[in-house]
Amino acid sequence: MSGSQLWDDVDDYFISRLSPDDDALRAALRDSEAAGLPPIGVTAAQGKFLQLLAQVQGARTVLEIGTLAGYSTIWLARALPEDGRLISLEYSAKHAEVAVRNLARAGLERVAEVRVGPALESLPKLADENPAPFDLVFIDADKANNAHYVEWALRLTRAGSVIVVDNVVRGGRVADAGSTEPDVVGTRNAIDLIANHPRLSGTAIQTVGQKGYDGFAVARVLA
Ligand SMILES: C[S@@+](CC[C@H](N)C(=O)[O-])C[C@H]1O[C@@H](n2cnc3c(N)ncnc32)[C@H](O)[C@@H]1O
């Protein structure tokens, strides 16, 4: 059995026992595929992990960078209280349209808002609104800008907030200090920032599963 078949089987088992999709999540994936969006969202196991992280954190506010069809958004928004707030930033109007429908179907339209545009343009506008500090930030957009997103996350959070950066392994190429691949360079810059910033303490975890070999970084804002 190949590694990836085994990883799929084990993920299928864990997901079926611990984080099965319900109707709204299944419909979100179905509509995402029907609209031709790429299948690059988190798995159900990862979505549940994000949800648990938000709950452990007692999060009332979440910022997501990279919405796609809103699959991770649904998992995260469900962790929030009724008066909680999730803002998700998405470059593609088409992706955002699918996500907004998926969030409405999941009954989350009052909690979760999708803002369309390049995140590096949406973030300064969001900062101008002086929002309450976000308790959790999930970074899952264009990887070349990962370090910029961590910097923005720092500006928009508080001591004790959590920042998660997805897909940091890049097929293992993240370990290549000589890489000129923008996604690798952006991710390495984000890791350097987390490593060196006096306000951050973090780690990165490699993962295998339905979406292959990957990993995520988690950082806590210290002050
Ligand atoms: C990996 S997908 C997000 C998956 C989603 N978080 C999930 O797990 O269901 C990345 C998304 O980021 C969006 N994106 C890419 N570049 C962006 C940018 N500069 N600003 C905002 N969103 C961007 C893409 O259009 C895509 O929908």
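Parameters at a glance
- Residues numbered from 1 in each chain as written.
- Predicted model: local features only at pLDDT ≥ 70, side-chain atom pairs only at ≥ 80, totals over all residues.
- Heavy atoms only, no water.
- Near = heavy atom within 4 Å.
- Polar contact = N/O pair within 3.5 Å; in protein donor to acceptor, adjacent residues only side chain to side chain.
- Areas by Shrake-Rupley, 256 points an atom, 1.4 Å probe, with all protein chains shown as cover.
- Helix = DSSP H or I, 4+ residues; strand = E, 2+ residues; numbered from the N terminus.
- Nonpolar A, V, L, I, M, F, W, Y, C, P; charged D, E, K, R; others polar.
- Phe/Tyr/Trp six-rings, centres within 6.5 Å; stacked < 30°, edge-to-face > 60°.
- Lys NZ or Arg CZ within 6 Å of the ring centre and 35° of its normal.
- Pairing = 2+ DSSP bridges.
- Axes fitted to C-alpha atoms, helices over the stretch in contact; angles between N-to-C directions.
- Buried < 20%, exposed > 50% of the residue type's maximum accessible area, 1.4 Å probe, protein only.
- Expected span 1.5 Å × (residues − 1).
- Right-handed = clockwise from strand over helix to strand, strands pointing away.
- Patch = residues over 30% accessible without salt bridge, like charges linked within 9 Å, V, L, I, M, F, W, Y side chains within 5 Å.
- Salt bridge = Lys/Arg side-chain N within 4 Å of Asp/Glu carboxyl O.
- Core = buried A, V, L, I, M, F, W, Y, C linked by side-chain atoms within 4.5 Å.
- Contact = heavy atoms within 4.5 Å.

An unreviewed UniProt entry lists the protein chain under the name O-methyltransferase, with Streptomyces lucensis JCM 4490 as the source organism.

## Things to note about the site of the ligand
Taken together, 21 residues are adjacent to the ligand, and Val-42, Glu-90, His-95, Ala-119 and Asp-140 come closest. In the model, a nitrogen atom of the ligand is placed 3.0 Å from a nitrogen or oxygen of the Tyr-91 main chain. Asp-140 is positioned with one of its side-chain polar atoms (N or O) 2.8 Å from a nitrogen atom of the ligand. Burial of the ligand by the protein amounts to 89% of the accessible area it has alone, namely 610 Å². For the shell around the ligand, the secondary-structure elements that each account for two or more residues are α4 (71-77) and β2 (85-90). When the residues that make up the shell around the ligand are grouped by side-chain class, the tally is 11 nonpolar, six polar and four charged.

## Observations concerning the packing of aromatic side chains
Summed over the entire model, instances satisfying the criterion amount to three aromatic pairs. Stacked on the ring of Trp-152, the Lys or Arg Arg-155 has its end atom at 4.1 Å from the ring centre.

## With respect to the sheet that holds strand β6 (residues 200-207)
The strand order across the open sheet formed by seven strands is β3-β2-β1-β4-β5-β7-β6, and the pairing between neighbours is mixed. Of all strands in the sheet, those with a lone pairing partner are β3 (112-116) and β6, marking the two edges. Averaged over all adjacent pairs, the angle separating strand axes in this sheet is 15°, with direction ignored. In terms of strand pairing, strand β5 (residues 157-166) meets strand β7 (residues 214-221) through five bridges, oriented antiparallel. Bridging across to β7, Val-165 finds its partner in Ala-217.

## Section: the pairing of β7
Summarising burial for β7: six of the eight residues are buried, a large majority. Looking at chain direction, β6 and β7 are connected through eight bridges and run antiparallel. In the sheet register, Thr-203 faces β7, and the bridge partner there is Val-218. Between the antiparallel neighbours β6 and β7 lie six residues, among them Gly-212 with a positive phi of about 85°.

## What to know about helix α5 (residues 93-105)
Taking 1.5 Å of rise per residue, the 13 residues of α5 would be expected to cover 18 Å, and the 18 Å separating its terminal C-alpha atoms lies within 8% of that figure. Near the N-terminus of α5, the side chain that reaches the backbone nitrogen of Lys-94, with its oxygen 3.2 Å away, is that of Ser-92.

## Focus: the pairing of β5
Most of β5 is tucked away, with eight of its 10 residues classed as buried. Here strand β4 (residues 134-139) pairs with β5 via five bridges, running parallel. Within β5, the residue paired with Phe-134 across the bridge is Thr-157. With helix α7 (residues 146-155) bridging β4 and its parallel neighbour β5, the resulting β-α-β unit is right-handed.

## Re a nonpolar patch on the surface
Together, Leu-6, Val-10, Tyr-13, Phe-14 and Leu-18 line one region of the surface with nonpolar side chains, adding up to about 490 Å² of accessible area. Structurally, the position occupied by Val-10 is in helix α1 (residues 3-18).

## Remarks on unusual backbone geometry
Of note in this structure, Asn-130 is not a glycine but carries a positive phi near 45°. Within the secondary structure layout, Asn-130 lies in the loop between α6 (119-128) and β4.

## Examining the nonpolar core
With 32 residues, the main nonpolar core has Val-62, Ile-74, Leu-76, Leu-86, Leu-136, Phe-138 and Val-164 as its most contacted residues. For this core, the secondary-structure elements that each account for two or more residues are α2 (23-34), α3 (44-56), α4, α5, β3, β4 and β5. Residue contributions to this core peak at five residues, all from α4. Excluding residues that lie within four positions of it along the chain, Ile-74 makes contacts with Ala-24, Leu-25, Ala-28, Asn-102, Leu-103, Ala-106 and Leu-108. Membership of the second largest hydrophobic core comes to 28 residues, among which are Phe-134, Ile-163, Leu-193 and Leu-200.

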